[in-house]
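Per-entry structural report
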Amino acid sequence: MVSDPGLEIRERFLHVKEQIADAAESSGRNAADVRLVVVSKAQPMFVMEAAVEAGIRVFGENYPEEGYEKIHHFRGVEGIEWHMIGHLQSRKARLVAESFQWLHSLDSLRLAEKLNIAVASLTASQKPLQVIIEMNVSGEESKFGWLAWNANQWGSLVPEIEQLGRFSHLRIRGLMTMPPYSEDPEQARPYFAKLRQLRDFLEGSVHDLKLPELSMGTSADFQSAVKEGATFVRVGQAILGSRPARRV
Ligand SMILES: *Cc1c(COP(=O)(O)O)cnc(C)c1O
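So, here's what we can say about the structure. (Residues numbered from 1 in each chain as written. Predicted model: local features only at pLDDT ≥ 70, side-chain atom pairs only at ≥ 80, totals over all residues. Heavy atoms only, no water.)

Focus: the overall build of the protein
Cut-off, in case you're wondering: Under the DSSP-based scheme used, a helix requires at least four consecutive residues in state H or I and a strand at least two consecutive residues in state E, with every element numbered from the N terminus. Our radius of gyration looks at C-alpha atoms and nothing else; its globule reference is 2.2 Å times the residue count to the power 0.38. In this description, contact between two residues means that some pair of their heavy atoms is separated by no more than 4.5 Å. A 1.4 Å probe and the Shrake-Rupley method give the accessible areas. Residues count as covered only by the protein chains that appear here. Only four residue types enter the tally: Lys and Arg on the positive side, Asp and Glu on the negative side, with His and both chain ends excluded. By convention, the point assigned to a charge is CZ for Arg, NZ for Lys, CD for Glu and CG for Asp.
Within the protein, the secondary structure is distributed over nine helices and nine strands. In terms of overall size, the protein behaves like a compact globule, its C-alpha atoms giving a radius of gyration of 18 Å where 248 residues would be expected to give roughly 18 Å. Overall size of the protein, expressed as C-alpha extent along the three principal axes, is 60 × 45 × 35 Å. Counting only contacts in the protein whose residues sit at least 6 apart along the sequence, the fraction spanning at least 24 positions is 63%. Surface summary for the protein: the accessible area is close to 12,300 Å², and the carbon and sulfur share equals 49%. Looking at charge distribution, the protein has the averaged site of its 29 positive side-chain charges lying 4 Å from that of its 32 negative ones.

Have a look at this one:
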């Protein structure tokens, strides 16, 4: 069988967009309020080429160097946008500040400090970094983000979130989470609902803080996330196909 990766990618891309629209409609939301980040980590360049050919412009990457290589390769493509979604070591803050438009995985004050310094030194033509704060609402030890599984202790998060708001070169835009893995997308819903409630709590507790973005939902559960208020879903394999083993 002859397969055209570009055609398959385009079909799956359109299908996921339809599923997002259906989930939005079923919960009384506007599909235009949900943006799709296509997660391309570990995908080789020929898959990237096919994705760009298929009309995809918003990509999510997990590893700064790999992302940088792709960003450089596609720098001439009109409207292309890059989101860093994986855990970021502080020493790589500059690389991300220079080349990505969004970071979904801010998980420490130290990283915020490094990013703030890096962004401050960018030229005026480089846009400010849009930042989303990662929250661990499940309590799983393997997850990054501020520990926020216990709603009775959300008040203790306030001082650090207030500090994040004071980094003048970062645009704090919302919250992100990764729920525990499950085959059943309904299992993830309580975690997505919790992230939304945490957002409401923090907006009510921190003066002048607005967190309009909720980054939640992957191939496994993006429809559940949309029903709970996601404004960004991060979908990889359902569009680009399974990932080859990570390059080293
Ligand atoms: C890999 C990854 C995704 C996408 O997962 P898929 O199963 O490919 O949809 C989303 N978010 C984060 C943080 C990831 O690391």
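Some details on helix α1 (residues 5-26)
Defined as follows: One less than the residue count of a helix, multiplied by 1.5 Å, gives the span that helix is expected to have. Think of it in three bands: residues with accessible area under 20% of the maximum for their type are buried, residues over 50% are exposed, and the middle band is partly exposed, with areas taken using a 1.4 Å probe on protein chains only. When we speak of the arc, we mean the arc of directions from the helix axis to the C-beta atoms.
Relative to the 32 Å expected for 22 residues at 1.5 Å per residue, α1 spans 31 Å between its end C-alpha atoms, a close match to the ideal helical length. Buried residues of α1: G6, I9, F13, V16, Q19, I20, A23 and A24, and no others. The buried residues of α1 occupy an angular sector of 150° when the element is viewed end-on, so they sit on one face. Facing away from the buried side of α1, by more than 90 degrees, are the exposed residues L7, E11, E18, E25 and S26.

Regarding the nonpolar core
So the rule is basically this: For the purposes of this section, nonpolar cores are sets of buried Ala, Val, Leu, Ile, Met, Phe, Trp, Tyr and Cys residues that join through side-chain atoms within 4.5 Å.
One finds L106, M135, L164 and I239 to be the most contacted residues of the largest nonpolar core, which totals 70 residues. With near-sequence residues (within four places) excluded, L106 lies in contact with L111, A112, L115, V131, I132, I133, E134, W146, L164 and I172. Of all hydrophobic cores here, the second largest spans five residues; its members include V37, W102, M176 and F232.

Looking at the pairing of strand β7 (residues 170-176)
How we decide: DSSP-based pairing: two strands are paired if at least 2 bridges between them are found.
Counted residue by residue, β7 has five buried out of seven residues, so it is predominantly covered. Here strand β5 (residues 129-136) runs beside β7; their pairing, made up of six bridges, is parallel. Bridged to L129 within β7 is L170. With three bridges joining them, β7 and strand β8 (residues 213-215) adopt parallel strand pairing.

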